[in-house]
Amino acid sequence: MADSAFGSWQPVDRARAAAGGSADDRFGGSRTCALVGAVEFNADHFAAQKFDCVIAVDAGYGHLERFGVMPDLVVGDFDSLGYVPAHANVEVHPSHKDASDIELAMERAFERGFDTLVVYGCLSGRLDHTYGVLQLLAKFARRGLRVFAVGDSFAVAALEGGKRSSLRFDAVESGMLSVFALSDAAVGVDEIGLEYPLDKATLTNDEPLGVSNEFIGRPATVSVESGTLLVFFPLHAWGKMSVG
């Protein structure tokens, strides 16, 4: 087995990596890294995916340990976990710092050349933490990465005009899809194949025009020409998604 992406540690055989191959084809052969944070963890969704790398973020290590998954790297100040894991690749940070543990972990994945990041355990009852994660999705989308956060029943993607600028879905029978500008304006927003189409619309970050569109059983596309767009969609549409 090849060396881990984070040194010479050898990853164990994981349920998520069964049946060979690299990350899911919907990401176009990219290098995909899962990051697992401290709050609600969608273990069923995680176990159904294949990732090239897994990073545990602070108490996310406990989530993975309970499911028998050994991460490639562990990052955090470990104030949530309560101890520093006995792991070959641990990056310990002080609790007083200018970046969150999730941000530091995403930076490590970026530095190692992963171009698709899927973040679990990050959408919590604390709105401030959740909003901070949404800002991080935008930050890394602006660097040209595919970035997602996964919750209990929905996922969020960040699109950046001129880079990773579109999401496409095969026919999804039902469910809500919402889009919001995270930059001052998202320009040239198209929503095709949904109940309420948009054609080269401009969305601003103080106007929720893009809330509560609907899948109607047709192939659908969401795209943006410039600016940063957050796309919220139901998890049952995940398997029918591809990224442009």
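Being a predicted model, the structure only gives us computed values, none of them experimental.

(A) Local environment of the overall build of the protein. Counting its secondary structure elements, the protein contains 4 helices and 15 strands. Evaluated residue by residue, the protein yields a buried proportion of 54% over its 244 residues. Within the structure as shown, the protein displays about 10700 Å² of accessible surface, and the carbon and sulfur contribution to it stands at 51%.

(B) Here's a closer look at the environment of Gly62. With respect to the helices and strands, Gly62 occurs in helix α2 (residues 60-66). Sequence separation between Gly62 and Gly37 is 25 residues, and the spatial gap between their C-alpha atoms is 9.5 Å.

(C) Structural context of the confidence of the model for the protein. For the protein, mean pLDDT is 86; residues scoring 70 or higher make up 85% of the total. When the criterion is pLDDT under 50, residues 1-5 qualifies, and its contacts beyond four places in sequence or with other chains add up to 13 contacts. Taken as a whole, residues 8-22 scores under 50 in pLDDT and shows 38 contacts with residues more than four places along the chain or in a different chain.

(D) Highlighting the packing of helix α3 (residues 101-111) against helix α4 (residues 127-141). Packing of α3 against α4 leaves a shortest axis separation of 11 Å and a crossing angle of 20°. It follows from the interaxial angle that α3 and α4 lie roughly parallel. In this structure, α3 crosses over α4, and the sense of that crossing is right-handed. Only Leu136, Lys139 and Phe140 of α4 make contact with α3, whose side of the interface consists of Ile102, Glu103, Met106, Glu107 and Phe110. When its residues are assigned to classes, the contact of α3 with α4 shows 5 nonpolar, no polar and 3 charged.

(E) Structural context of α3. Of all 11 residues in α3, 9 are buried, a share of seventy percent or more. Those residues of α3 not exposed but buried are Asp101, Ile102, Glu103, Leu104, Ala105, Met106, Glu107, Arg108 and Ala109.

(F) Focus on the side chain of Glu103. Tracing the backbone through its elements, the reader meets Glu103 in helix α3. Of the residues examined, Glu103 reaches a relative accessible area of 17% and is grouped as buried. Only 2.5 Å separates the side chain of Glu103 from the side chain of Lys139, close enough to count as a polar contact. Not counting residues within four places of it along the chain, the set of residues in contact with Glu103 comprises Leu136, Lys139 and Phe140.

(G) Layout of the packing of aromatic side chains. As enumerated under the stated definition, the model contains 13 aromatic pairs in all. When the ring of Phe46 is compared with that of Tyr120, the centres are 5.4 Å apart and the planes differ by 80°; the resulting orientation is edge-to-face. One end of the pair, Phe46, is in helix α1 (residues 43-47); the other, Tyr120, is in strand β5 (residues 116-120), with 74 residues separating them in the sequence. Tyr120 shares its class with Phe46; the two are buried. Arranged with centres 5.2 Å apart and planes meeting at 65°, the rings of Phe148 and Trp238 form a pair that is edge-to-face. Taken as a pair, Phe148 in strand β6 (residues 146-150) and Trp238 in the loop between β14 (228-234) and β15 (241-243) lie far apart in primary sequence, 90 residues in all. For the pair formed by Phe148 and Trp238, the shared burial category is buried. Put simply, the rings of Phe41, Phe46, Phe51, Phe67 and Tyr120 pair up and form one aromatic cluster.

Cut-offs and rules
Residues numbered from 1 in each chain as written. Predicted model: local features only at pLDDT ≥ 70, side-chain atom pairs only at ≥ 80, totals over all residues. Heavy atoms only, no water. Helix = DSSP H or I, 4+ residues; strand = E, 2+ residues; numbered from the N terminus. Buried < 20%, exposed > 50% of the residue type's maximum accessible area, 1.4 Å probe, protein only. Areas by Shrake-Rupley, 256 points an atom, 1.4 Å probe, with all protein chains shown as cover. pLDDT = per-residue confidence, 0-100. Contact = heavy atoms within 4.5 Å. Axes fitted to C-alpha atoms, helices over the stretch in contact; angles between N-to-C directions. Parallel < 35°, antiparallel > 145°, perpendicular 65-115°, else oblique. Left-handed = near helix turned anticlockwise from the far one by under 90°. Nonpolar A, V, L, I, M, F, W, Y, C, P; charged D, E, K, R; others polar. Polar contact = N/O pair within 3.5 Å; in protein donor to acceptor, adjacent residues only side chain to side chain. Phe/Tyr/Trp six-rings, centres within 6.5 Å; stacked < 30°, edge-to-face > 60°.

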